[in-house]
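Coordinates in review
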Amino acid sequence: MPLFSKDMNVSYKNEIIAGIIGYLTTVYIVVVNGSILSEAGITVESGMMATILASFVGTLIMGIFGKLPLILIPGMGINALFAYSIVQGNGLSFQEGLAVVLVASILFLITAFTKLGLLLKEAIPDSLKHAISVGLGFFLILIGLEKSGLIASGENTIIAIGDFSSPVIIVSLMTLFIAIFLFVKNVPANFLITMLIGTVLAYLFGIIENGTQVNNFSSDLIFIPAFTAIDQLSFWLAVFPLAMILIFENMGLLNGQLAMLGNEKSYNNGYKTTAISSLTCAFLGTSPTVSAAENAAVIASKGKTGLAAIIAGLLFLGTIFVIPWITMIPNVAISPILIIVGFLMVQNIRHIPLDNISEAIPAFLIIVMIPFTYSIADGMAFGFIAYPIVKLALGKQKELSVAIVIISLLFICDFALKIAGV
């Protein structure tokens, strides 16, 4: 089938330009996601390769079958959930973490092809959905501050400000202020430019040495999910947060982007395509893909059809050839991006009804406990457990759905098993 019909009033030139711009505004994810995946037990180079392949496959699927100018890349926040909570937090291997991704993606796929997605969307309170985004945002900010050296473990406190005489701190601050300037000025490809400038500054200050690094790919580039932990409750308690975030984040992103595109009727097709792309990530070795927030740049560049996505996908594939060079990019050049993306996610707090105590308290617990426990799943647990308790205490039990009660009970079971040492 053609990517677009003759009556759509589109230009091949505009589609190609939009695809290139989309690629330039999202290619930073190769370095950032590779760095976060390395925290889950693989090499940075393998994480980059997995990111490239997942972005290529997902974006190509969206272009050919979804026929939409949307780029799919591993989601920020979701990658942190995968690395720090699912793998590190539950003591799973990287391959066992991929099994969690596979099961969660299957659940996502079921919601995409059935009415279950709509039921879940209505059952989970909006305040908790937004609180998860805000909590993830603060978590990314915390990781960014840690990677930059701006905060460190204190002698008499849990965290303290870093050593400002260190070249790492100096370069981190310079890069952060440059990143903020480029971002607020809305400079195209500002994240990519930030990484390049940060890398040059790191070289000038002697943080990185001249020359390229040697590739260090793991032997199993195409990863196979391992289901050795599937009989453990912790496995399933890792599946549910991931599945919920996948479902609700993609719902929100697609609704907003298709509204900008003026093509809301393609929502179901785009949602299904996104779910299929997420499923492939379990075999490509990365956390699931989502519709990139930067797709706004693609749409603003007059991208209207799947051709723009195909162009961007092919450019992602070409990124493989520059991996030996992009592995030089240090944490000081990556951390400002994590901080700014975290800030963007934190802005969702404006959607939480803080004047409604029965909604605000559970949301508050999610927001503060995700970064303070350094666990996205545990942070979510506090909010989901508190939600029915607060509603019952205020006599608002009619506002509780069956789904929220079941999820709350599952989180309570997880905490009980932790207390029992199981």
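Note that this is a predicted model, so its numbers are computed, not measured.

Between its first and last C-alpha atoms helix 5 (residues 94-113) spans 29 Å; for 20 residues at 1.5 Å apiece the expected length is 28 Å, and the two agree. In terms of burial, helix 5 is largely enclosed, as 14 of its 20 residues are buried.

For the rest of this paragraph, the subject is helix 1 (residues 12-26). Taking 1.5 Å per residue, 15 residues should reach 21 Å; helix 1 reaches 21 Å between its end C-alpha atoms and fits that length. All of the buried residues along helix 1 are E15, A18, G19, G22, Y23, T25 and T26. In a view along the axis of helix 1, the buried residues occupy a sector of 170 degrees, so they form one face of it. On its buried face, helix 1 sits against helix 2 (28-38), strand 1 (72-74), helix 12 (295-300) and helix 13 (306-318). At the N-terminal end of helix 1, a side-chain oxygen is found 3.2 Å from the backbone nitrogen of K13, two or three residues along, and the residue is S11.

For the rest of this paragraph, the subject is the nonpolar core. Membership of the largest hydrophobic core comes to 114 residues, with the highest contact counts inside it found for L242 and F384. Considering each element in turn, this core owes the most residues, 16 residues, to helix 10 (residues 233-261). Counting six residues, the second-largest nonpolar core is a separate cluster that includes V171, L201, I208 and M328.

Attention shifts here to the pattern of salt bridges. Two side chains carrying opposite charge are able to pair once their charged atoms lie near each other. One pass over the structure, following the stated rule, counts four salt bridges. We note a salt bridge from K147 to E39, for which the minimum N-O separation is 3.6 Å. Of the two residues, K147 is situated in helix 7 (residues 126-148) and E39 in the loop between helix 2 and helix 3 (44-66); the sequence distance between them amounts to 108 residues. Using a relative accessible area of 14% as the deciding quantity, one classes K147 as buried. Judged by relative accessible area, E39 falls into the partly exposed class, the value being 33%.

Bringing the packing of helix 5 against helix 10 into the picture now. How two helices pack is summed up by the angle between their axes together with the distance between the axes. In the contact formed by helix 5 and helix 10, the axes pass within 8 Å of each other and the chain directions differ by 45 degrees. Regarding the angle of helix 5 to helix 10, the classification is oblique. In this structure, the crossing between helix 5 and helix 10 has a hand that is right-handed. Between helix 5 and helix 10, the residues in contact are E96, A99, V100, V101, V103, A104, S105, L107, F108 and T111 and F235, W236, A238, V239, L242, A243, L246, I247 and N250, respectively.

This part is about the side chain of S408. One can find S408 in helix 18 (residues 402-420). At a separation of 3.4 Å, a polar atom in the side chain of S408 contacts the main-chain carbonyl oxygen of F384. The residues touching S408, leaving out its near neighbours within four places in the chain, are F384, I385 and P388.

By the element assignment, T280 lies in helix 11 (residues 267-284). Distance in space between the C-alpha atoms of T280 and I357 is 41 Å, their sequence separation being 77 residues. Among residues more than four places away in sequence, those in contact with T280 are V57 and I61.

Thresholds applied
Residues numbered from 1 in each chain as written. Predicted model: local features only at pLDDT ≥ 70, side-chain atom pairs only at ≥ 80, totals over all residues. Heavy atoms only, no water. Helix = DSSP H or I, 4+ residues; strand = E, 2+ residues; numbered from the N terminus. Expected span 1.5 Å × (residues − 1). Buried < 20%, exposed > 50% of the residue type's maximum accessible area, 1.4 Å probe, protein only. Arc of directions from axis to C-beta. Contact = heavy atoms within 4.5 Å. Polar contact = N/O pair within 3.5 Å; in protein donor to acceptor, adjacent residues only side chain to side chain. Core = buried A, V, L, I, M, F, W, Y, C linked by side-chain atoms within 4.5 Å. Salt bridge = Lys/Arg side-chain N within 4 Å of Asp/Glu carboxyl O. Axes fitted to C-alpha atoms, helices over the stretch in contact; angles between N-to-C directions. Parallel < 35°, antiparallel > 145°, perpendicular 65-115°, else oblique. Left-handed = near helix turned anticlockwise from the far one by under 90°.

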